[in-house]
Amino acid sequence: MEIFLMDYTKNYHLPQWVKSDRIMMDDFNRMCADIENGLTGNRTEFRKNNSDLSGQIQRVEREAQEQIRTSDTASQASLKTGLLRLAYNHCHMLAAVEKQPPQIGYFFQQFRGPSAPSNASGLFARGDALWLARGTTSYTSEELRERLQQMSTMKVFKDNAAANTPLVIRFTPPEPGYITKIPVMIQFHDLSCKETMFHLALYNENTGEYEAERDFTQNLECNYASYISHEQIQAQLCFSGGFNYRIEISTRDDRYNGTVNYNKSSASYSFAAATLTADTTGLLSRTVQCGEARMDGIIFVHYRLIGTGGTLSLSWDGAEVSPCQTRSIMTLEGKAVTESEFRRNAAIPATTTPQLRTRCHAGGEIALYSWGMAAV
């Protein structure tokens, strides 16, 4: 029998005929089947690889988008943090300016002086701060009057103001309250004026700070060269419980000779004071024009808690905001205070209104020295 040996391709074993070969149907069909199977396998593999590649491309796209979004968010957060810190520093710079320039989206307010500002309610003007207290026990004016002790007489020397000495009255109140009337006995001679200027101050011996100071005019109108009178000095001197205080009355005038003494025994011009035991909420609010909507804002409050203290809470356009940081700082006047920093963490409208609420615990006090806001 004659045997035919056919050649085949190297890689896919396809038949290779020469002229002398007999083409067999089986060989031909097998070749076509092999080609079909190979093409089909390639197509399947291609689709699988293409699907895997498409999935990889989509995954890379998603990862790239997430990286872009994360990077953008981080950049915005970093930018906002930087702007808020600049705003914080700007507000503290305003504190050093005696007369503040016009500001949009900013304010800094200090609470000094004999009267509370119009944007405050339920708070007393202590002189150096807005103040709220809640004692545990009430007492009468007479009981506090018994604690007052005159330490020195106010003496005035004509033509020698440097020799003048103040009237000093010392007392230690058991609970917080305030004095409204101080009776004094004035005896001036060799007058060459119809009025004089007195300086009234309340000094806290424990803290070494003057908590209240003000000047007032004393009338000396009379038909003689001497002026002798029982007077009642009107005042609102707020004090904390358990601290040692000095009331000081002085003058720099040197147009007369004379003395001023505390008149403890006066019947018609009596001493008057009040205690604070009610559970009262103090409110402080301010409406600020920002010009346009802002992306965020910061508020800080400077205060002291005395005794059992109390609570401070902030509502900003009706939304409750918790302090993000609380720290101890030193003011420009050298006063050690607590600073609470609040961040809105939300957009601020063109007109915004923060409101601060204060409430004392029984036996506690809160002194507010200043607050400020900045929108960025």
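Everything here concerns the structure above.
Everything numeric here is computed off the predicted structure, so don't read it as measured data. (Residues numbered from 1 in each chain as written. Predicted model: local features only at pLDDT ≥ 70, side-chain atom pairs only at ≥ 80, totals over all residues. Heavy atoms only, no water.)

1. Focus on the packing of aromatic side chains
Note the cut-off: Pairs were defined over the aromatic rings of Phe, Tyr and Trp, the Trp ring being its six-membered one, requiring ring centres within 6.5 Å. Orientation was assigned from the angle between planes: stacked under 30 degrees, edge-to-face over 60, tilted for the rest. Each helix is a run of H or I in the DSSP string that is no shorter than four residues. Each strand is a run of E no shorter than two, and both are numbered from the N terminus.
Going through the model one piece at a time under the given rule, you end up with 12 aromatic pairs. On the basis of an interplanar angle of 40° and a centroid distance of 5.1 Å, the ring pair of Phe124 and Tyr178 is categorised as tilted. Here Tyr178 lies in strand E10 (residues 177-189) and Phe124 lies in strand E5 (residues 124-125), a separation of 54 residues in the sequence. Judged by centre distance (5.6 Å) and plane angle (85°), the rings of Phe171 and Phe239 are edge-to-face.

2. Some details on the layout of surface pockets
Worth spelling out the cut-off: Using a 1 Å grid laid over the protein atoms alone, points where a 1.4 Å probe fits but cannot get out form a cavity; open sets with protein on both sides within 12 Å along at least 5 of 7 lines form a pocket; any residue with an atom within 4 Å of a point counts as lining. Grid points are joined across faces, edges and corners, and a volume is the space filled by probe spheres set on the points.
In this structure, the largest pocket occupies an estimated 530 Å³ of space. As for the largest pocket, its lining consists of 28 residues, of which Arg112, Gly127, Asp128, Lys335 and Tyr369 are closest to the centre. Of all the secondary-structure elements, those providing two or more residues to the lining of the largest pocket are helix H1 (25-95), strand E3 (106-110), strand E12 (209-219), strand E13 (227-239), strand E22 (323-330) and strand E26 (364-375). Looking at which element gives the most residues to the lining of the largest pocket, the answer is E12, with 5 residues.

3. Here's the deal with the pairing of strand E23 (residues 336-343)
The cut-off we apply is this: Any residue under 20% of the maximum accessible area for its type is buried, any over 50% is exposed, and the rest in between are partly exposed; the area is computed with a 1.4 Å probe on protein chains only. A pair of strands is labelled paired if DSSP reports no fewer than 2 bridges between them.
Judged by how many residues are buried, E23 sits mostly within the fold: 6 of 8 residues are covered. Where strand E19 (residues 297-307) and E23 come together, 6 bridges link them in antiparallel fashion. For Tyr303, the partnering residue across the bridge sits in E23 and is Thr338. Two elements, E22 and E23, share 7 bridges in a ladder whose sense is antiparallel. Note on E23: the bridge partner recorded for Gln325 is Glu341. Remark: 5 residues form the turn of the hairpin made by E22 and E23, two consecutive strands paired antiparallel; Gly334 in that turn has positive phi of roughly 85°.

4. Notes on the nonpolar core
Stated formally: Grouping buried Ala, Val, Leu, Ile, Met, Phe, Trp, Tyr and Cys residues that are joined through side-chain atoms within 4.5 Å yields what is termed a nonpolar core. Two residues form a contact once any of their heavy atoms are found within 4.5 Å.
Ranked by internal contacts, the top residues of the largest apolar core, which has 37 residues, are Ile179, Ile182 and Phe188. When residues of this core are traced back to their parent elements, those giving at least two are strand E8 (154-156), strand E9 (167-171), E10, strand E11 (195-204), E12, E13, strand E14 (245-250) and strand E15 (257-262). Apart from residues no more than four positions distant in its own chain, Ile182 is found in contact with Ile169, Leu200, Glu231, Gln232, Ile233, Leu237, Ile247 and Tyr262. Among the nonpolar cores identified, the runner-up in size contains 24 residues, and Leu284, Phe342, Ile366 and Met373 belong to it.

5. Examining the sheet that holds E9
Sheets are built from strands that pair by backbone hydrogen bonding, the pairs being arranged parallel or antiparallel. The condition is simple: Comment: axis = line fitted to C-alpha atoms, over the contacting stretch for helices; angle = value between 0 and 180 degrees taken between N-to-C directions.
Taken in spatial order, the 5 strands line up as E7-E9-E14-E11-E12 in an open sheet, and their pairing is antiparallel. Of all the strands in the sheet, the pair left with one neighbour each is strand E7 (149-152) and E12. The average angle at which neighbouring strand axes cross in this sheet is 20°, direction not considered. Here E11 pairs with E14 via 6 bridges, running antiparallel. Looking across to E14, one finds that Asn204 is bridged to Tyr245.

6. A look at the sheet that holds strand E20 (residues 310-316)
One open sheet accounts for 5 strands, arranged E4-E17-E25-E20-E21; its pairing is antiparallel. If you trace the sheet from one side to the other, it starts and ends with strand E4 (120-121) and strand E21 (319-321), each paired once. Taken together, the 5 bridges between strand E17 (residues 281-285) and strand E25 (residues 354-360) define a ladder with antiparallel strand orientation. Within the sheet, the bridge partner assigned to Leu284 lies in E25 and is Leu356.

7. Thoughts on the environment of Pro174
Position of Pro174 relative to the elements: it lies in the loop between E9 and E10. When the C-alpha atoms of Pro174 and Thr275 are compared, they prove to be 10.0 Å apart, with 101 residues separating the residues in sequence. With sequence-adjacent residues up to four places away left out, Pro174 is seen in contact with Tyr139, Arg147, Gly241 and Gly242.

8. Section: the pattern of salt bridges
Test applied: Here, a salt bridge means any Lys or Arg side-chain nitrogen found within 4 Å of an Asp or Glu carboxyl oxygen.
Under the definition given, this model contains 22 salt bridges. Asp128 is the salt-bridge partner of Lys335, the closest N and O atoms lying 3.8 Å from each other. In this pair, Lys335 sits in the loop between E22 and E23 while Asp128 sits in the loop between E5 and strand E6 (130-134), placing the two residues 207 residues apart along the sequence. Exposure class is identical for Lys335 and Asp128. Each is buried. Linking Arg246 and Glu205 is a salt bridge whose minimum nitrogen-to-oxygen distance equals 3.6 Å. In this pair, Arg246 is assigned in strand E14 and Glu205 in the loop between E11 and E12, connecting sequence segments 41 residues apart. The partly exposed category is assigned to Arg246, whose relative accessible area is 23%.

The values reported here are purely geometric and, on their own, carry no functional implication.
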